[in-house]
Amino acid sequence: MGVLIDIQNVSKNFGGLNAVANVSFTVEERSIVGLIGSNGAGKTTLFNVISGVYHPSGGKILYKGEDITGCKTYTYSARGIARTFQNMKPLEGMSVLDNVISGAFYGRSRCKSIREARALALNILQFTGLYRQKDTLPSSLGTPYKKRLEVARALATKPEILLLDE
């Protein structure tokens, strides 16, 4: 197995506040890694740096050996990197199924038709336990189901690495 992501001495400063300081770790293919810390420790900030939401103040991020430090967020999905957010942001005017279908047109899945995207989305909804809610609007879901929806939409991109934020 090879290294999927290599975080090298990553830091993020906001003015005088050092939110993330010299963090280094690697994630190997087919592994599960947890990032644990107290509230305010910088976990979400680090995820935001890894996924391109913030540019790091220092350090490097390598994905499968390629330096992706500071790349635009929209390039990550096509590389095979997906994430969920601490604050859930479903597409409120669309059903659960349509939310997941929207993810199927991005990332590595790049479905070519609505039929293909729908088939993928239905399989993911089955896998995540959301199939019975497929026609429901996200506003009708409780927090646990909204979290599942975030995961389902991310899985629809067929990521090689999935960053799950709380």
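Quantities reported herein were computed from a predicted structural model and do not represent experimental measurements. (Residues numbered from 1 in each chain as written. Predicted model: local features only at pLDDT ≥ 70, side-chain atom pairs only at ≥ 80, totals over all residues. Heavy atoms only, no water.)

(A) Here's a closer look at unusual backbone geometry. Positive phi, close to 55°, is recorded for Lys158, a residue that is not glycine. Inspection of the secondary structure assignment puts Lys158 in the loop between α5 (143–155) and β6 (161–163). Lys158 sits in the partly exposed class, given a relative accessible area of 42%. Unlike most non-glycine residues, Glu166 shows phi in positive territory, near 25°. The residue Glu166 is located in the segment after β6 in this model. (Helix = DSSP H or I, 4+ residues; strand = E, 2+ residues; numbered from the N terminus. Buried < 20%, exposed > 50% of the residue type's maximum accessible area, 1.4 Å probe, protein only.)

(B) Just the packing of aromatic side chains, in detail. Inspection of every chain in the model, using the stated rule, returns one aromatic pair. Pairing Phe14 with Tyr54 gives two aromatic rings, centres 5.2 Å apart and planes at 80°, and the pair type is edge-to-face. Pair noted here: Phe14 is in strand β1 (residues 3–14) and Tyr54 is in the loop between α1 (43–50) and β3 (58–63), with a separation of 40 residues, a long-range link. The ring of Phe14 carries the charged tip of Lys12 above its face, separated from the ring centre by 5.1 Å. Across the ring face of Tyr131, the terminal group of Lys134 is positioned such that the distance to the ring centre comes to 4.8 Å. (Phe/Tyr/Trp six-rings, centres within 6.5 Å; stacked < 30°, edge-to-face > 60°. Lys NZ or Arg CZ within 6 Å of the ring centre and 35° of its normal.)

(C) Expanded view of the pattern of salt bridges. Taken as a whole and judged by the stated rule, the model has five salt bridges. A salt bridge links Asp165 to Arg83; the shortest N-O distance between them is 3.5 Å. Here Asp165, found in the segment after β6, pairs with Arg83, found in strand β5 (residues 81–83); they are 82 residues apart in sequence, far enough to count as distant. Close ionic contact of Arg153 with Glu150 constitutes a salt bridge, the shortest N to O distance being 3.2 Å. In this pair, Arg153 and Glu150 are both assigned in helix α5, three residues apart and thus about one turn of the helix distant. Both residues of the pair, Arg153 and Glu150, belong to the buried class. (Salt bridge = Lys/Arg side-chain N within 4 Å of Asp/Glu carboxyl O.)

(D) Just the packing of helix α3 (residues 96–104) against α5, in detail. At a minimum axis separation of 7 Å, α3 and α5 run at an interaxial angle of 35°. Viewed along their axes, α3 and α5 form a crossing whose handedness is right-handed. Mapping the contact onto sequence places Val96, Asn99, Val100, Ser102 and Gly103 in α3 and Leu149, Ala152 and Arg153 in α5. Each residue belonging to the contact of α3 with α5 can be placed in one class, and the counts come to four nonpolar, three polar and one charged. (Axes fitted to C-alpha atoms, helices over the stretch in contact; angles between N-to-C directions. Left-handed = near helix turned anticlockwise from the far one by under 90°. Contact = heavy atoms within 4.5 Å. Nonpolar A, V, L, I, M, F, W, Y, C, P; charged D, E, K, R; others polar.)

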